[in-house]
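# Examining the three-dimensional arrangement
Okay, here's what each chain looks like letter by letter:
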Amino acid sequence: MFTIDDGFYDHHDVAARVFDEFGFPLNFFVITGLLDQQLWPWDDQVSYALNHSRSEPTDIRLPSGTVYSVNLEVNSAKATVKEIREALKAGPQTEIYQWLREELFGKLGVDFPSSTPPEYRPMSWSDAKSLRERGHGVYPHTRTHRILSTLNPAEKREEIVGSLKRVEEELGYTPQVFAYPTGRPADYDSGDVNELGQAGFNMAFNTVPAYVRQGQDRYQLPRFSLPENTADFVQIVNRFEALKEKLRS
Ligand SMILES: [Zn+2]
């Protein structure tokens, strides 16, 4: 099966059209706060800020208290984005959106956009409805995309149950499938798995690149990300990668 996370407009306008053309269902995991136009994802805000910043070196204080030095002459914007995102994933993320606006955008001298930049526009709920009518799946992917393992129990519940409720209200059905934001095993914990079970979900996807095997924990289903080139893609979908794994072991 094919999945695509977050819920940007081009997932509906472009990706779904291609999958429709080949009669193949695509499964969308949507950040409900994005579709509700309350926010655009924190990880994309990090790239936007770095890609629009001046090049003078500056020190930023991460939410953890650690100081990180930005110097785009020495370290590329791409590498800096990666490092800041990695550091932010370790949390805490309770106040991440406020931190981005005040500390990151502030220190980098970048104006915080008054509306969502066009490249991070969401699909609409009516787009999501149309996807379901065309045979695709639409499921929750939290409300704000914050890393669940960095949040307290009440915040975890708000992310999981809150996003479930929004999908229910907008699409008129109860989703039972979920995907963790960024999805590394460190990005969620047993508290999240319990919360998913209590909320009525019966499976969840992470982003560990592997095949689903018999006996797999249904709240930790792995997924390969789309490779850069077609040859790698073909090797994954025809399970040639599984054969290589077997030969190596
Ligand atoms: Zn995501």
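Our subject in this report is the structure included herewith. These numbers were taken from a predicted model, which means no experiment stands behind them.

Rules used in this analysis
Residues numbered from 1 in each chain as written. Predicted model: local features only at pLDDT ≥ 70, side-chain atom pairs only at ≥ 80, totals over all residues. Heavy atoms only, no water. Helix = DSSP H or I, 4+ residues; strand = E, 2+ residues; numbered from the N terminus. Core = buried A, V, L, I, M, F, W, Y, C linked by side-chain atoms within 4.5 Å. Buried < 20%, exposed > 50% of the residue type's maximum accessible area, 1.4 Å probe, protein only. Contact = heavy atoms within 4.5 Å. Axes fitted to C-alpha atoms, helices over the stretch in contact; angles between N-to-C directions. Left-handed = near helix turned anticlockwise from the far one by under 90°. Nonpolar A, V, L, I, M, F, W, Y, C, P; charged D, E, K, R; others polar. Donors = N, O, S within 2.8 Å, 3.2 Å for Na, K, Ca; no water. Salt bridge = Lys/Arg side-chain N within 4 Å of Asp/Glu carboxyl O.

## Description of unusual backbone geometry
Cis rather than trans, the peptide bond between glycine 91 and proline 92 has omega equal to 5°. The residue proline 92 is located in the loop between helix 4 (77-89) and helix 5 (96-108) in this model. In this model, aspartate 6 sits at a positive phi of 105°, which is unusual for a non-glycine residue. Relative to the elements of secondary structure, aspartate 6 occurs in strand 1 (residues 2-6). The backbone of glutamine 37 sits at a positive phi, close to 60°, despite the residue not being glycine. Tracing the chain through its elements places glutamine 37 in the loop between helix 2 (32-35) and helix 3 (42-51).

## Examining the nonpolar core
Among soluble globular proteins, nonpolar side chains are generally buried collectively. Counting residues in hydrophobic clusters, the biggest one holds 27 residues, and the most contacted among them are Val46, Ile84 and Leu104. When contributions to this core are tallied by element, the ones reaching two or more residues are helix 3, strand 4 (67-70), helix 4 and helix 5. Take this core: its biggest share by element is seven residues, from helix 5. Once you skip the residues sitting within four places of it in the chain, isoleucine 84 turns out to touch Val46, Leu50, Ile60, Tyr68, Val70 and Leu104. Counting residues in each nonpolar core, the second largest holds 22 residues, with Val30, Leu35, Trp125 and Tyr173 among its members.

## Remarks on the packing of helix 7 (residues 153-171) against helix 8 (residues 190-199)
The contact between helix 7 and helix 8 brings their axes to 10 Å, and the two run at 35°. Remark: the crossing between helix 7 and helix 8 carries right-handed chirality. Of helix 8, the residues touching helix 7 (which contributes Lys156, Arg157, Ile160, Val161 and Leu164) are Gly191, Asp192, Glu195, Leu196 and Ala199. Per-class residue counts for the contact of helix 7 with helix 8 are five nonpolar, one polar and four charged.

## A closer look at the coordination of the zinc ion
Six octahedral donors around a metal ideally subtend angles of 90 or 180 degrees, whereas four tetrahedral donors ideally subtend 109.5 degrees. Asp6 (OD), His141 (NE2) and His145 (NE2) make up the full set of protein donors to the zinc ion, lying at 2.1 Å. In the primary sequence, the donor residues of the zinc ion line up as D-x134-H-x3-H. Residue aspartate 6 is located in strand 1, and its partner histidine 145 is located in the loop between strand 5 (137-140) and helix 7; the two are separated by 139 residues in the primary sequence. By the burial criterion, aspartate 6 is buried, and histidine 145 matches it.

## Side note on the pattern of salt bridges
Taken as a whole and judged by the stated rule, the model has 19 salt bridges. The salt bridge involving arginine 134 is made with aspartate 20; its shortest N-O contact spans 2.7 Å. Within this pair, whereas arginine 134 is found in the loop between helix 6 (125-133) and strand 5, its partner aspartate 20 is found in helix 1 (residues 9-21), the two being separated by 114 residues in sequence. Under the relative-accessibility criterion, aspartate 20 is labelled partly exposed at 30%. Two residues, aspartate 189 and lysine 156, come together in a salt bridge whose shortest N-O distance is 3.0 Å. Residue aspartate 189 is found in the loop between strand 6 (177-179) and helix 8, and its partner lysine 156 is found in helix 7; the two are separated by 33 residues along the sequence. Through salt bridges with shared partners, one network takes in Asp36, Arg166, Glu169 and Glu170.

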